[in-house]
Each structure stands twice: as structure tokens, then as C-alpha cells.
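Overview (structure and organization)
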Amino acid sequence: MKITIIGTGYVGLVSGACFADVGNTVLCLDVDSRKIDMLNAGEIPIHEPGLDKLVATNAAAGRILFTTDYDRAVAHADVIFIAVGTPPDEDGSADLRHILSAARSIGQRITRPIVVVDKSTVPVGTADQVRAAISEELQKRNATTSFTVVSNPEFLKEGAAIEDFMRPDRIVVGSDDPEATRIMRQLYAPFSRNHDKLIHMDVRSAELTKYAANAMLATRISFMNELANLAEALGADIEAVRMGIGSDPRIGPHFLYAGMGYGGSCFPKDVKALLKTSVDHGRTLHLLTAIEKVNEAQKSVLFDKITGHFGGVDALRGKTLALWGLSFKPNTDDMREAPSLVLIGKLIAAGCKVRAYDPVATSEARRLLLQENGEEACGRYLTLCDSAADAVSGADALALVTEWKEFRAPDFEQLAASLAGKAIFDGRNLYDPALVAAAGIAYHGIGRRGHNDAK
Ligand SMILES: NC(=O)c1ccc[n+]([C@@H]2O[C@H](COP(=O)([O-])OP(=O)(O)OC[C@H]3O[C@@H](n4cnc5c(N)ncnc54)[C@H](O)[C@@H]3O)[C@@H](O)[C@H]2O)c1
Ligand SMILES: O=c1ccn([C@@H]2O[C@H](COP(=O)(O)OP(=O)(O)O[C@H]3O[C@H](CO)[C@@H](O)[C@H](O)[C@H]3O)[C@@H](O)[C@H]2O)c(=O)[nH]1
């Protein structure tokens, strides 16, 4: 099939590459010419494991192409996916500017029947707005071309995006048109071979399903974070509790990790957007208010532990903290809503020097940290290091912020020798407190028992 994907970000590029890999001819369009130039030069603008190879193979076979030219992109396809960003507006609602602009661009150009598929995460009712925007453009040029708007929300996770797309748990298709549904089934058949993964429903339910999934996952995380803080006060260990409850199949072991609060480009904005929708419809989802509040507070928990250890915020002045991990989660360079930004901002404001290392997110982190904290403060307090070992050298303590694989099993004896101050603040509960303590390092986890065990 001939497919056009509008928006070549994390979702658009991964979807495009995966659709191409099963034999479709995919044209990816973006308004960001820098991205398209990079892709045409064989470079991948984002870090996503396996994506470089997948794009290169399919580009070499002529199955994936890149353009900024809307005329070419709309003429190319029978099916057009919209995968542009839907960032939060000031009031928390999803900003539909990019979606509606893409819809108008389609409406200005279609000359034959097509299916327009909304893959971006959008509030219920957006498909109606997309339909109206396209119709308006058609009317302006007295055209009567038929088209259908389908909702097909995406559930991939960054860092595992290709695997998630190639072997999805489910494929949600919201469509009120049998022919469009048939085309969607055909398109997704290669990803749904052994079991039918496609769940067909009406458009509004599909739009809501995406927010419901992210809100449910965010709920689990905030629940565990709040419970972790209670466990700590009670002398219990949240890791033991996690295993104890996760083995109940009704609860399940996934997405139960306490940490520094959820970040990323999806949960924070989608929880906000669903909350706003509920308020607008007079059905406030009170749970979501609490989930968001807990998450905001959780982003400061590690900073509070650090100040507690050193004897107050003032005691941080002149200290040096090593920080491992900057991206909001491992295996991505995405820094959107990364908890590291909050922690570093607070440390810098307290006059604490930060030596940070991340395997891939350093340059995006530098850009955002400069933007948020200013050149002067960053110049004085922030060093972005080339290795994990470099970051800890001579530091007064180490904070583990993102659980990249390379941080999983450090040599704690060596770490103790490198660190001037013997303390680890484990924002992901990655380490065994007993192992850390055995090396003479004080351990501070999230809701862990056995912290502060060092001599
Ligand atoms: N990132 C994820 O893991 C993920 C997963 C599932 C769903 N989603 C949803 O998918 C959507 C896209 O997310 P993303 O992370 O890929 O975003 P992104 O910011 O990485 O990419 C969006 C791209 O759209 C382009 N764009 C904006 N306006 C455009 C226009 N009018 N025409 C053409 N291109 C345009 C931007 O230049 C950008 O390259 C969002 O709604 C998001 O909530 C994201
Ligand atoms: O037990 C857990 C699991 C995750 N997190 C945090 O939650 C955030 C989100 O993690 P994850 O869901 O793995 O990453 P995303 O790439 O943001 O993926 C989410 O958001 C996407 C965009 O909507 C959806 O498509 C995915 O299904 C959904 O998992 C990160 O900050 C994680 O550190 C925890 O704190 N504890």
C-alpha cells in the first residue's frame, strides 16, 4: 500500500519504518526541514534502538522516502497518517494546532478518495474537527472528493518502540466506515498474524482508550510512589511490597516501580489533558488530580533526601554531586519532562555543583538546562561528563536518576574510592542497599529499608 506519514518524530518515523519494512511504500513528511535533510542524508534525528538499521534497509530498498513537500506527500498516498505533536496548552488541554494544520494541508490537496488516520494522541471529538477542517478546505475549492477519518492511537514506548510496533499488544482502530476499517485491517495484518490484535470500535471510544491507558499506567506509578514514601516512614521496603503485590495476576508485576515520578512526552501531558476534558464536561476525574499532585511532589523526593543527608539546603553550597542518567527513561535521548531537569535545577539553585553523565541525552539536556537555568548558572555549576567514571570522580555523592543498563552493576568498592563523600541516592531503586552499604557507602533509595547503613 502507499502510505504517507505526516510528522516524522518518535511515532511517525517508527511507524513509517515499520510499515515500510513489511512491504509498503512510505513517504514521511515533516515541516522541520532539518529533520528531513538529516533523514535524506541517512542520519536519524532521534535515538531509538534499531531504528537506524530499519530506516537504512528500507531506504535502500526504496520503501521509505522523506519530504517536506505536501503536494508530493498527499498525491502519494491512499492512506495518510497524522503523527504530529499534541503538546499541552497553557490550560492543560491538548494543543491541536499541528493536527488541524496537517488536516488543512490535506484538504487543500486531495483529489481522490483517501483514508486519513489520526495516530497522534488527541482528545475525544478531534476526528470531528479534523473532518471539518478537511471539508472546509475542500469547499473553498469547490471539490467534493470523499475521505474518511479514522482514529488509530499509538501505544509504543520510547526505547522499545520498534518491538512495540512490530509486536503490538493491541491495535486500536476507531472507524465508523466499513471500507476504511477493511483498509486498516489489511494494513495491520502483518503485525497481527498469529492472533488478531486489532480491536475495532467507534472513533470516540478509540480516542478515549489512549488517554485511559496512559492515565491507568500513571495511576499505578503515583500509587507506588506514594506507598513508597509511606513504606519508608514505616520501616518497610517498597521493593518487597512490589514483589508481594505484583505476583497477584489481578495486579501484575509491570509498571509498579517507585521512582522519581513519571516523565516523558506522554504521561504528564496526557494526564493533564484528560483531566481538563473531564472538568470541561462536568465530570472531574478527581483521581487524576491526585495522581498529578503526587507526581509533582515525587520529582523533589531525591533532592529532599540529598539535603537531608548533608544537613539542609544551605549545606549543599560548594558540594559536588555526580548524576548518572539524564533522559526521562533509558534507551532514549528524549528529555521531555525528565525528572533530571527538576533535580538539577534545584541543585544549581542551591549552589551545588553537578557533574552529570548520560549515554545519549547530553546534547539535548545541555540545550534544555541552559534554557531553564541560564548560561551563567550552568557555566558555574554544571559539567556534562563523557563517562560515568568521570562524573563520580571526587564528587561528594552520587545520584542515580535514569536506570541505563551501564549503571546497573557498578563496582561499589571502586565507586567508594572515586567518591570523596560516601553516599548514593538511588532514584530508581536499582541497587541492593546491602551491597552498597558493604562498600561503606550510605544508601538512600525510594521507600527502601536499610538506607543509611554505612558506617
Ligand atoms: N513519543 C511517544 O512515545 C508516543 C507514543 C504514543 C503516542 N504518542 C503521540 O504521538 C504524537 C506524536 O508524538 P511524537 O513524540 O512522535 O512527537 P515529536 O515531537 O517527536 O514529533 C512530531 C513531529 O511533527 C512535526 N510536525 C508538527 N506540525 C506538523 C505539520 N503541520 N506537518 C508536518 N509535520 C509537522 C514536527 O516537526 C515533529 O517532527 C503525539 O500526539 C504523542 O502524544 C507519542
Ligand atoms: O514502573 C514504572 C514504569 C515507568 N515509570 C516512569 O514512567 C515514565 C514513562 O515510562 P514509559 O511508559 O516506559 O515510557 P513512554 O515512552 O513515555 O511510554 C508511555 O507513553 C507512550 C505515549 O503515549 C505510550 O504509547 C506508552 O504505552 C506508555 O507506556 C518514565 O518516566 C518512567 O521512568 C516509573 O516511574 N515506574
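Cut-off values and rules
- Residues numbered from 1 in each chain as written.
- Chains lettered and ligands numbered in written order.
- Predicted model: local features only at pLDDT ≥ 70, side-chain atom pairs only at ≥ 80, totals over all residues.
- Heavy atoms only, no water.
- Helix = DSSP H or I, 4+ residues; strand = E, 2+ residues; numbered from the N terminus.
- Rg over C-alpha atoms; globule rule 2.2 N^0.38 Å.
- Contact = heavy atoms within 4.5 Å.
- Areas by Shrake-Rupley, 256 points an atom, 1.4 Å probe, with all protein chains shown as cover.
- Lys, Arg positive; Asp, Glu negative; His and termini not counted.
- Charge placed at Lys NZ, Arg CZ, Asp CG, Glu CD.
- Salt bridge = Lys/Arg side-chain N within 4 Å of Asp/Glu carboxyl O.
- Buried < 20%, exposed > 50% of the residue type's maximum accessible area, 1.4 Å probe, protein only.
- Phe/Tyr/Trp six-rings, centres within 6.5 Å; stacked < 30°, edge-to-face > 60°.
- Lys NZ or Arg CZ within 6 Å of the ring centre and 35° of its normal.
- Pairing = 2+ DSSP bridges.
- Axes fitted to C-alpha atoms, helices over the stretch in contact; angles between N-to-C directions.
- pLDDT = per-residue confidence, 0-100.

A tally of helices and strands in the protein yields 19 helices and 14 strands. Relative to a compact globule of 455 residues, whose C-alpha radius of gyration would be 23 Å, the protein shows 24 Å and is just as compact. Overall size of the protein, expressed as C-alpha extent along the three principal axes, is 80 × 45 × 40 Å. Across the protein, the fraction of contacts at a sequence separation of at least 24, relative to all contacts at a separation of at least 6, is 73%. Split by element, the accessible area of the protein, about 19900 Å² in all, is 52% carbon and sulfur. Charged side chains in the protein number 50 positive and 58 negative. The centres of these two groups are separated by 2 Å.

Glancing now at the pattern of salt bridges. Scanning the entire structure with this criterion turns up 28 salt bridges. Here Asp196 ties to Arg185 by a salt bridge, and the two come within 3.5 Å at their closest N and O atoms. With a gap of eleven residues between them, Asp196 in the loop between helix H8 (178–188) and strand S8 (198–201) and Arg185 in helix H8 connect regions that are remote in the sequence. You can call Asp196 exposed: its relative accessible area is 56%.

Another point: the environment of Gly325. Checked against the element boundaries, Gly325 lands in the loop between strand S9 (320–324) and helix H14 (339–349). For the pair Gly325 and Asp358, spaced 33 residues apart in sequence, the C-alpha separation works out to 4.6 Å.

The final tally for this structure, using the stated rule, is twelve aromatic pairs. Between the aromatic rings of Phe412 and Tyr431, the centroid separation amounts to 5.3 Å while the plane-to-plane angle is 85 degrees, which identifies the pairing as edge-to-face. With a gap of 19 residues between them, Phe412 in helix H18 (residues 412–418) and Tyr431 in the loop between strand S13 (423–426) and helix H19 (433–438) connect regions that are remote in the sequence. Since its relative accessible area comes to 10%, Phe412 is described here as buried. Grouped by ring-pair contacts, the aromatic residues Phe19, Phe81, Phe165, Tyr188 and Phe191 constitute a single cluster. The ring of Phe155 carries the charged tip of Arg170 above its face, separated from the ring centre by 3.6 Å.

Overall, parallel pairing links the six strands, which are arranged S11-S10-S9-S12-S13-S14 in an open sheet. Only two strands of the sheet have a single partner each, and these edge strands are strand S11 (382–384) and strand S14 (442–444). This sheet shows a mean twist of 20 degrees between the axes of neighbouring strands, independent of strand direction. Where S13 meets S14, three bridges bridge the pair, whose relative direction is parallel. Directly across from Phe425, in S14, lies its bridge partner His444. The sheet contacts of H14 involve S9, strand S10 (353–357), S11 and strand S12 (397–400), and relative to S9 the element is tilted by about 170 degrees.

Looking now at the confidence of the model for the protein. Looking at the protein, the pLDDT average stands at 96 and 99% of residues meet or exceed 70. Interface confidence in the predicted complex, given as ipTM, is 0.99; pTM for the same model is 0.96.

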